[in-house]
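# Observations on the model geometry
Read off the chains here:
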Amino acid sequence: MSPRALLVLSLVAGSLPAQVSYDRLLHASQEPRNWLTYSGSYMSQRYSALSQITPGNVKTLEQKWVFQVESLQKLEATPLAVDGILYVTQPPNDVIAIDARTGRAFWIYQYRPAPGSTPCCGSVNRGLAILGDTLFLATLDARLIAIDAKSGKPLWNTKVADYNAGYTMTLAPLVVKDKVLVGVAGGEYGIRGFVAAYDAKSGKEAWRFYTIPGPGEPGHDTWPADDSWAHGGAPIWVTGSFDPELNLTYWGIGNPGPDWNPSQRKGANLYSDSAVALDADTGKLKWYFQFSPNDPYDYDSVQIPVLADATWGGRMRKLLLWANRNGFFYALDRTNGQFLSGHPFVKVNWASGLDDSGKPVATPQPPEAPVYPGVQGGTNWYSPSYSPRTGLFYVSAWEDYATLFAPEENEYQAGRRFMGGRPLSPIPRSPVPSIRGFPINTATEAAGHGAVLALDIVTGQRKWKFEMTDVTDSGILTTASDLLFTGGREGYFQALDARTGALLWKASVGGQVSAAPITYEVDGKQYVAIAAGHALFVYGLRE
């Protein structure tokens, strides 16, 4: 066994149920007792049809059990819930099978990434994928591992990219048919991003789509006539979505590199800061939409592509909904990438608006002036939700948050940070929120705050806002009883009325929430689970 694959600890005799067929994944929304993909279904709406927990009884929610992980890194993982078993990752790359009723661990698979692996923003992992009896794990040292869901034993281990060159993976894989899809992170190290598909049985690569086109490929002319394209970033660090009718898989692409000096990479820098639609069988690009051309602000477009079928202009449309880090909320036609609408959902001054094609009308600010939204964006990687019952899109936002940007020349060196400058606080002698939370919030109100926003998908208008004191990295869950569950850096897990935003219930979890909730059902009882601080918390109705 590899020295980095240290241990499979089996705590029970016999086997655990799994057998999640592709047909079950296709119809995941029809078995809401389970949570079979990172975002709940291929539509990535993070909406559940479970309704036992309601606005009327949510006040009786109580903690049923807690599982404490053996890591001091923050938890960003979404568990899978499969027929009474939770499969969850603990940092950096361990996998745990847990009894969904009691919190008892069945087995733990421990994997230690290579010491030289260099994730930009913490040794985190966001979760797993499952097909049949096999779990799939993407690692910080850029490997894809298949694990027996019954025993926790590794089945195969495939190299995806070279961690020595700055490549890493933090996302939960996406299973489509007989393939496992992943994308590589490392935009701060001058990688060349890509999405790749691997055979689920063998681990053999089936196709690869580079997010920066090479010489002779369409879009290559959006990069300078030098080798900047070869280390131009455009990473992927959040899971994509899939439309089986169109056979298209959708992915959000991150920033170009170097992050803050666009003069080193003049041009639009495709396909950075874009949504891409790929043929799920071949990886061939079908369409793209770029949100922030020649991005100077690190506005990664790595948000979850949320798919919805809804009435638009008097007829049903296949929509792709996107609250972007750049501060605009977009609706696209996901059959062809046509821009339908775009509206700011937080304060924006880097652009005065969007033209008829969706391209931003840039309004560059003077060097000494704050740029809104700041470097962490109006939102970031944390998962939004869409409720087909309310017709509203829900997003965790950073409001009234700005940054000063200081570009610098930066020479590319493999495996080293390639940032092209630095972001600065616009508030003298005062800290501003960053992607890493702190135990004590010393930022002032002038530095910004967090909020959950409910947006009308057609007009982009806010229907309600739930304000927080600190910023938030929490994902969102909505249910068929019109409940919304979310957390934040304040150390609370809370339930809101999805129609009004009213706070209905909250519980202290004693740590930062940097993950998204799920809900599942076992033995006729609905539960809600959230990773927070260094533990997984599970709640159910008082009996």
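Attention in this report is confined to the structure presented alongside it. This is a predicted model, so every value here is computed, not measured. (Residues numbered from 1 in each chain as written. Predicted model: local features only at pLDDT ≥ 70, side-chain atom pairs only at ≥ 80, totals over all residues. Heavy atoms only, no water.)

Each disulfide consists of a covalent bond between the sulfur atoms of two cysteine residues. What the rule picks out here adds up to one disulfide. Note that C120 is cross-linked by a disulfide to C121, the S-S spacing being 2.2 Å. Judged by the sign of its S-S torsion, about -90°, the cystine formed by C120 and C121 is left-handed. Taking relative accessible area as the criterion, C120 reaches 23% and is therefore assigned partly exposed. A residue is classified by how much of its surface remains accessible, and C121, at 27% relative accessible area, is partly exposed. (Disulfide = S-S within 2.5 Å. Buried < 20%, exposed > 50% of the residue type's maximum accessible area, 1.4 Å probe, protein only.)

Right, let's get into the environment of R46. Mapped onto the elements of the fold, R46 is located in the loop between α1 (22–26) and β2 (47–48). Residue class for R46 comes out buried when judged on its relative accessible area of 1%. Through-space distance from the C-alpha of R46 to that of I476 is 7.2 Å; in sequence the pair is 430 residues apart. (Helix = DSSP H or I, 4+ residues; strand = E, 2+ residues; numbered from the N terminus.)

A few words now on the pairing of strand β31 (residues 462–467). As judged from the five bridges shared by strand β30 (residues 449–456) and β31, these two strands associate in the antiparallel manner. Among the inter-strand pairings, L453 is bridged to a residue of β31, identified as K465. Hairpin remark: β30 followed by β31, antiparallel, with five residues in the connecting loop; positive phi at G460, about 75°. (Pairing = 2+ DSSP bridges.)

Next up on the list: the environment of K59. Tracing the sequence through the fold places K59 in the loop between β2 and β3 (61–68). By relative accessible area, K59 is classed as exposed at 65%. Along the sequence, K59 and P213 sit 154 residues apart, while their C-alpha atoms lie 53 Å from each other. Setting aside residues no more than four positions away along its own chain, K59 makes contact with L504, W505 and R542. (Contact = heavy atoms within 4.5 Å.)

Looking now at the nonpolar core. Y87, W107, L135, F136 and W251 are the most contacted members of the largest nonpolar core, which totals 67 residues. Ranked by residues supplied to this core, first place goes to strand β14 (residues 194–199) with five residues. Once residues lying within four places of it in the same chain are set aside, the contact partners of L135 are L80, Y87, V95, W107, A129, I130, I145, A146, I147 and A149. Of all hydrophobic cores here, the second largest spans 57 residues; its members include L319, F329, F405 and L455. (Core = buried A, V, L, I, M, F, W, Y, C linked by side-chain atoms within 4.5 Å.)

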